[in-house]
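# Observations on the three-dimensional arrangement
What follows is each chain in one-letter form.
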Amino acid sequence: MENTLLENTMPATDSDNDIVRRSLDDPDAFSVIVERYWNRLFRYVKRISFFTDEDTEDILQEIFIKVYRHLNDFDSDLTFSTWVYRICRNTVIDSIRKKQSRPKTIDIDDKDFSNFFHASTDIAEEFAIYEHHQKVVTLIESLPLKYREVLVLKFLEDKSYEEIMDIMEKPKGTIASLINRGKKILVDLAHKQGILTSPQE
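Below you will find a few notes about this structure. (Residues numbered from 1 in each chain as written. Predicted model: local features only at pLDDT ≥ 70, side-chain atom pairs only at ≥ 80, totals over all residues. Heavy atoms only, no water.)

Bringing the nonpolar core into the picture now. Ranked by internal contacts, the top residues of the largest apolar core, which has 52 residues, are Phe64, Val67, Phe80, Trp83 and Val92. When contributions to this core are tallied by element, the ones reaching two or more residues are α1 (16-25), α2 (30-48), α3 (53-69), α4 (80-98), α6 (133-142), α7 (145-156), α8 (161-168) and α9 (172-192). Ranked by residues supplied to this core, first place goes to α2 with eleven residues. If we skip the residues at most four places from it in the chain, tryptophan 83 touches Val67, His70, Leu71, Asp73, Phe74, Asp75 and Leu78. (Core = buried A, V, L, I, M, F, W, Y, C linked by side-chain atoms within 4.5 Å. Buried < 20%, exposed > 50% of the residue type's maximum accessible area, 1.4 Å probe, protein only. Helix = DSSP H or I, 4+ residues; strand = E, 2+ residues; numbered from the N terminus. Contact = heavy atoms within 4.5 Å.)

This is the structure:
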């Protein structure tokens, strides 16, 4: 279960950069960063990995330790959010590669399903997607990590191409190719499974 005990208690006017500057002088201020990013990073880790909630929480602890230790190295050419996601992504990818055993499913909510498919998907097809919950999850799980993670960043984390480029440290052409290829693989598999029924583009 997500860490719902962490709530953002700082005024909305306090920017991430303001909090970073304060954290450099006052370590206690860093707790606001943890509060602000814990839940969204929890969801992100669960969406791209096969980790249990307990493993995810352990990874997040490691991520925030890294973020705190490297605050002085924060690249101001990036947004703080992008920088945190980059650290998170790299840590999760390393953990996925090292982990020998893993649970069988990833964490994708019903409401997220249609975002992986064509924007032109009509209502009837969306119902088909929802009716085939487990099949869709299985399709997403079957994607190679390089496609799954870029689709999650684009369609579930709502990141721009520029943000994904910075998070994954890859050029725009590579990101575009991964998104297009991953989406085509997913849509092709969905048609084969009868989850999408319209003619393929």
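Here the narrative resumes.
One pass over the structure, following the stated rule, counts ten salt bridges. Here glutamate 62 ties to lysine 66 by a salt bridge, and the two come within 3.5 Å at their closest N and O atoms. Of this pair, glutamate 62 and lysine 66 both sit in helix α3, four residues apart, which is roughly one turn of the helix. Classification of glutamate 62 by relative accessible area gives partly exposed; the value is 36%. Residue arginine 89 pairs with glutamate 149 through a salt bridge whose shortest N-O separation is 2.8 Å. Residue arginine 89 is located in helix α4, and its partner glutamate 149 is located in helix α7; the two are separated by 60 residues in the primary sequence. No difference in accessibility class separates arginine 89 from glutamate 149, as the two residues are buried. (Salt bridge = Lys/Arg side-chain N within 4 Å of Asp/Glu carboxyl O.)

A few words on the side chain of serine 23. Along the chain, serine 23 falls in helix α1. Residues in contact with serine 23, not counting those within four places in the same chain, are Ala29, Phe30, Tyr68 and Leu71.

Right, let's get into α9. In this model α9 runs 30 Å from its N-terminal to its C-terminal C-alpha over 21 residues, within 8% of the 30 Å that 1.5 Å per residue would give. Those residues of α9 lying buried are Ile175, Leu178, Ile179, Gly182, Lys183, Ile185, Leu186, Val187, Asp188, Ala190 and His191. Two residues or fewer after α9 comes glycine 194, characterised by a positive phi angle close to 80 degrees. (Expected span 1.5 Å × (residues − 1).)

Moving on, we come to the packing of aromatic side chains. In this structure the tally under the stated criterion is seven aromatic pairs. Ring geometry for tyrosine 44 and tyrosine 85: centres 5.1 Å apart, planes at 55 degrees, overall tilted. Taken together, the residues span a long stretch of sequence, with tyrosine 44 in helix α2 and tyrosine 85 in helix α4 at a distance of 41 residues. Classification of tyrosine 85 as buried rests on a relative accessible area of 2%. In this structure an aromatic cluster arises from ring pairing among Tyr37, Phe74, Phe80 and Trp83. Just above the ring of tyrosine 37 sits the side chain of arginine 40; from NZ or CZ to the centre is 4.3 Å. Seen from the ring of tyrosine 85, lysine 159 lies directly overhead, with NZ or CZ sitting 4.0 Å from the centre. (Phe/Tyr/Trp six-rings, centres within 6.5 Å; stacked < 30°, edge-to-face > 60°. Lys NZ or Arg CZ within 6 Å of the ring centre and 35° of its normal.)

The next subject is unusual backbone geometry. Unusually for a residue other than glycine, aspartate 158 sits at a positive phi of about 60 degrees. Of note, aspartate 158 is situated in the loop between α7 and α8.

Two numbers describe how α4 lies on α8: the axes approach to 8 Å, and their chain directions differ by 45 degrees. Taken together, the axis directions place α4 and α8 in an arrangement best described as oblique. Classified by chirality, the crossing of α8 by α4 is right-handed. On the side of α4, the interface is formed by Thr82, Tyr85, Arg86 and Arg89, while α8 contributes Glu163, Asp166, Ile167 and Met168. Residues of the contact of α4 with α8, tallied by class, amount to three nonpolar, one polar and four charged. (Axes fitted to C-alpha atoms, helices over the stretch in contact; angles between N-to-C directions. Parallel < 35°, antiparallel > 145°, perpendicular 65-115°, else oblique. Left-handed = near helix turned anticlockwise from the far one by under 90°. Nonpolar A, V, L, I, M, F, W, Y, C, P; charged D, E, K, R; others polar.)

Quick look at the side chain of serine 49 now. Structurally, the position occupied by serine 49 is in the loop between α2 and α3. For serine 49, a relative accessible area of 1% gives the class buried. At 2.7 Å, the side chain of serine 49 forms a polar contact with the backbone oxygen of valine 45. (Polar contact = N/O pair within 3.5 Å; in protein donor to acceptor, adjacent residues only side chain to side chain.)

Coordinates in, geometry out; function isn't part of it.
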